[in-house]
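Close look at the chain arrangement
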Amino acid sequence: MKKILITGGAGYIGSHCARILADEGYEVVIIDNLVKGHIQAIKDFKHYIGNIGDEDLVAKILSENKIDGVMHFAAYSLVGESMKMPYEYYSNNVGQTMSFLHSLIKQGVNNIVFSSTAAVYGQSDVSPITEEVVLAPINTYGETKLTVEKMLKWFNIAYGLNYTSLRYFNVAGAYETGEIGEDHNPETHLIPVVLNVALRKSDKLKIFGGDYPTPDGTCIRDYIHVVDLIYAHIKAYEYMSAVNTSDIFNLGSGGGYSNLEILNTARKITNCEIPADVEPRRPGDPPILIAASKKAEDILNWKRKYDINDIIATAWKWKKSHPDGYK
Ligand code: UDP
């Protein structure tokens, strides 16, 4: 049985990774400092509380567990916050990751799947976005993820550490049982924010911008279900370790939905009115972000199972059963 170390396993995506790896017969070990994560999400798994940059702790984890591969999610991930706190973002996302990679190399752990982001592309005019599109982040968050992608490239050349960087587009939805889901504070992502209005936790959705060059004037994004996303990680790990290679893949659906389309789909699924107003644009939002995911489909043999209705329906199931998140 393969044993995978998950960093950030108490967060939204990391907790789904832990659950699905266990479903698929992997052994799971988690490291999380619980700054953003939730202890309730990892109580069923072997876990260590601390920073990934703590080389003594990571050495202990690696000596107590024979780790075959790593899935690395631990990071700060709020774009707006990253613009106000670049030191913290570089220190956490880049500095801690560098120490962590050093620990892996020392112990001979050779395979890492890295959680990257579409934010490495910045405001691209190209649609859909392929992996070859120019890399030009427009925020600190995207820049820190790109810095780690580059670090992985050089560590691969020098130390033979295999990596797969996965550039996520808009991740949403929840595990089908509704036991785990997205719980951020503050919540800024469109789908959970829309569902908070459906739950009457806030009065109205603010739609940021109605004058974009899109058919209905609102921004278009490419949504991918968190469960589909995790299956891509498993495929990536299996491929990387079998073929002994490193690569980079986009993960999205290849199609886009406007903010108004998301609102209307959520109204239909929740059967709630969900009042909304169009407000001024939010700085830094590109009009359209759609992934070309063909490379992951072709090379990793990955296929999506869930569409936008499933994404909103599973997110709603989680929200209704956990209106205050893990609290
Ligand atoms: N958005 C919105 N109102 C909100 C939150 C988000 O209109 O309360 C819009 C946002 O401006 C963007 C889209 O929803 O056009 C997706 O934003 P999100 O923050 O979910 O993800 P991003 O694409 O920024 O990673």
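Just above sits the structure.
Reference entry: report on the structure contained in this document.

Conventions we followed
Residues numbered from 1 in each chain as written. Predicted model: local features only at pLDDT ≥ 70, side-chain atom pairs only at ≥ 80, totals over all residues. Heavy atoms only, no water. Near = heavy atom within 4 Å. Polar contact = N/O pair within 3.5 Å; in protein donor to acceptor, adjacent residues only side chain to side chain. Areas by Shrake-Rupley, 256 points an atom, 1.4 Å probe, with all protein chains shown as cover. Helix = DSSP H or I, 4+ residues; strand = E, 2+ residues; numbered from the N terminus. Nonpolar A, V, L, I, M, F, W, Y, C, P; charged D, E, K, R; others polar. Expected span 1.5 Å × (residues − 1). Buried < 20%, exposed > 50% of the residue type's maximum accessible area, 1.4 Å probe, protein only. Phe/Tyr/Trp six-rings, centres within 6.5 Å; stacked < 30°, edge-to-face > 60°. Lys NZ or Arg CZ within 6 Å of the ring centre and 35° of its normal.

Moving on, we come to the site of the ligand. Around the ligand there are 14 residues in total, and Leu 190, Lys 206, Phe 208, Arg 221 and Asp 285 lie nearest to it. A distance of 2.8 Å is found between an oxygen atom of the ligand and a backbone nitrogen or oxygen belonging to Phe 208. In the complex, 86% of the free accessible area of the ligand, which totals 510 Å², lies under the protein chains. The set of elements that each furnish at least two residues to the shell around the ligand consists of α6 (190-198) and β8 (205-208). Residue contributions to the shell around the ligand peak at 4 residues, all from β8. Residue composition of the shell around the ligand, by class: 6 nonpolar, 4 polar and 4 charged.

So, about helix α7 (residues 226-243). Spanning 18 residues, α7 covers 26 Å between terminal C-alpha atoms, matching the ideal 26 Å at 1.5 Å per step. Residues Val 226, Val 227, Asp 228, Leu 229, Ile 230, Ala 232, His 233, Ile 234, Ala 236, Tyr 237 and Met 240 constitute the buried set of α7. Two residues or fewer after α7 comes Asn 244, characterised by a positive phi angle close to 60 degrees.

It is worth spelling out the packing of aromatic side chains at this point. As enumerated under the stated definition, the model contains 5 aromatic pairs in all. Aromatic pair Tyr 26 and Tyr 237: ring centres 6.3 Å apart, planes at 75 degrees, arrangement edge-to-face. Of this pair, Tyr 26 sits in the loop between α1 (12-23) and β2 (27-32) while Tyr 237 sits in helix α7, and the two are 211 residues apart along the sequence. According to the relative accessible area criterion, Tyr 26 is buried, its value standing at 11%. Aromatic pair Trp 318 and Tyr 326: ring centres 5.0 Å apart, planes at 50 degrees, arrangement tilted. Residue Trp 318 is classed as buried on the basis of its relative accessible area, which comes to 2%. Here the guanidinium or amino end of Lys 36 rests over the ring plane of Tyr 76, the centre of that ring lying 5.5 Å away. Cation over ring: Lys 295 sits above Phe 249, and NZ or CZ is 5.1 Å from the ring centre.

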